[in-house]
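# Coordinates in review
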Amino acid sequence: MASLNVGNLGEYLREQRRNAQLSLRQLADAAGVSNPYLSQIERGLRKPSAEVLQQVAKALRISAETLYVRAGILDAERDRDEVEVRAVILADPALTGQQKQVLLQIYESFRKENGFAPGDGAVDSRELGGSDADPQQTAG
């Protein structure tokens, strides 16, 4: 937890929530998390899982990758272009979850072919609208 800047994440979340003109309770309800838990995240007292960050990002209509970077889950300097490409693909409302997954797999294969390590910034099925739950990500 010491390597994560959760205080910065909390401040950013509070700012985004206020910009969206949502109360803490409204955002908690929309994201499917408890009001006290979200309050603790905003105050920098709790480190949310990637799944919780994804739910909050969806409720705020912002990029989950932005929150991952703020939380230290993704390195802000490493593979910034890859994160941006993935964010655009994941945010496209015209694509189904399966289409997004296929497109990301093709993108990953091209990156691998060009000498970039596979799995950098990998996306799990929850971000694609799937239901495969990672038990380590559900605790929060």
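Everything discussed here concerns the structure shown above.
Residues numbered from 1 in each chain as written. Predicted model: local features only at pLDDT ≥ 70, side-chain atom pairs only at ≥ 80, totals over all residues. Heavy atoms only, no water.

By secondary structure assignment, the location of Ala87 is in helix H6 (residues 80–91). Of the residues examined, Ala87 reaches a relative accessible area of 18% and is grouped as buried. Along the backbone, Ala87 and Thr66 are 21 residues apart, and their C-alpha atoms lie at a distance of 8.9 Å. Not counting chain neighbours up to four residues away, the residues in contact with Ala87 comprise Ser63 and Glu65. (Helix = DSSP H or I, 4+ residues; strand = E, 2+ residues; numbered from the N terminus. Buried < 20%, exposed > 50% of the residue type's maximum accessible area, 1.4 Å probe, protein only. Contact = heavy atoms within 4.5 Å.)

Attention now moves to unusual backbone geometry. Even without being glycine, Gln21 reaches a positive phi, approximately 55 degrees. Structurally, Gln21 is set in the loop between helix H1 (6–19) and helix H2 (24–31). For Gln21, a relative accessible area of 70% corresponds to the exposed category. The residue Arg61 is not glycine, and still its phi comes out positive at about 60 degrees. Here Arg61 lies in the loop between helix H4 (50–60) and helix H5 (64–71).

Within the secondary structure, Arg17 is located in helix H1. Residue Arg17 is classed as buried on the basis of its relative accessible area, which comes to 10%. Ignoring sequence-local partners within four residues, the contact set of Arg17 consists of Leu22, Ser23, Leu24, Leu27, Glu42 and Leu60.

In this structure, Leu9, Leu13, Val33, Leu38, Val56 and Leu67 are the most contacted members of the largest nonpolar core, which totals 23 residues. Among the secondary structure elements, those contributing two or more residues to this core are H1, H2, helix H3 (35–42), H4 and H5. In terms of residue count, the dominant contributor to this core is H4 (six residues). Residues in contact with Leu67, not counting those within four places in the same chain, are Leu9, Tyr12, Leu13, Leu53, Val56, Ala57 and Ile62. (Core = buried A, V, L, I, M, F, W, Y, C linked by side-chain atoms within 4.5 Å.)

Where H2 contacts H4, the two axes come as close as 8 Å, and the packing angle between them is 115 degrees. The element H2 and its partner H4 pack so that their crossing is right-handed. Contacts between H2 and H4 involve Leu27, Ala30 and Ala31 from the former and Gln55, Val56, Ala59 and Leu60 from the latter. When the residues that make up the contact of H2 with H4 are grouped by side-chain class, the tally is six nonpolar, one polar and no charged. (Axes fitted to C-alpha atoms, helices over the stretch in contact; angles between N-to-C directions. Left-handed = near helix turned anticlockwise from the far one by under 90°. Nonpolar A, V, L, I, M, F, W, Y, C, P; charged D, E, K, R; others polar.)

Time to look at the pattern of salt bridges. In the structure shown here, the tally under the stated rule is three salt bridges. One salt bridge connects Arg14 with Glu42, and the closest N-O pair in it is separated by 3.5 Å. Separated by 28 residues along the polypeptide, Arg14 in helix H1 and Glu42 in helix H3 bring together distant segments of the chain. Under the relative-accessibility criterion, Arg14 is labelled partly exposed at 23%. Glu42 sits in the buried class, given a relative accessible area of 4%. Each of the salt bridges in this network shares a partner with another, and the network as a whole consists of Arg14, Arg17 and Glu42. (Salt bridge = Lys/Arg side-chain N within 4 Å of Asp/Glu carboxyl O.)

So, on to the packing of H4 against H5. Following both chains from N to C, one finds H4 and H5 inclined at 135 degrees, their axes separated by 8 Å at the closest point. In this view, H4 runs oblique relative to H5, as classed from their interaxial angle. Considering how the two elements wind past one another, H4 and H5 form a crossing that is right-handed. Where H4 abuts H5, its residues Ala50, Leu53, Gln54, Val56 and Ala57 lie against Ala64, Leu67, Tyr68 and Ala71. (Parallel < 35°, antiparallel > 145°, perpendicular 65-115°, else oblique.)

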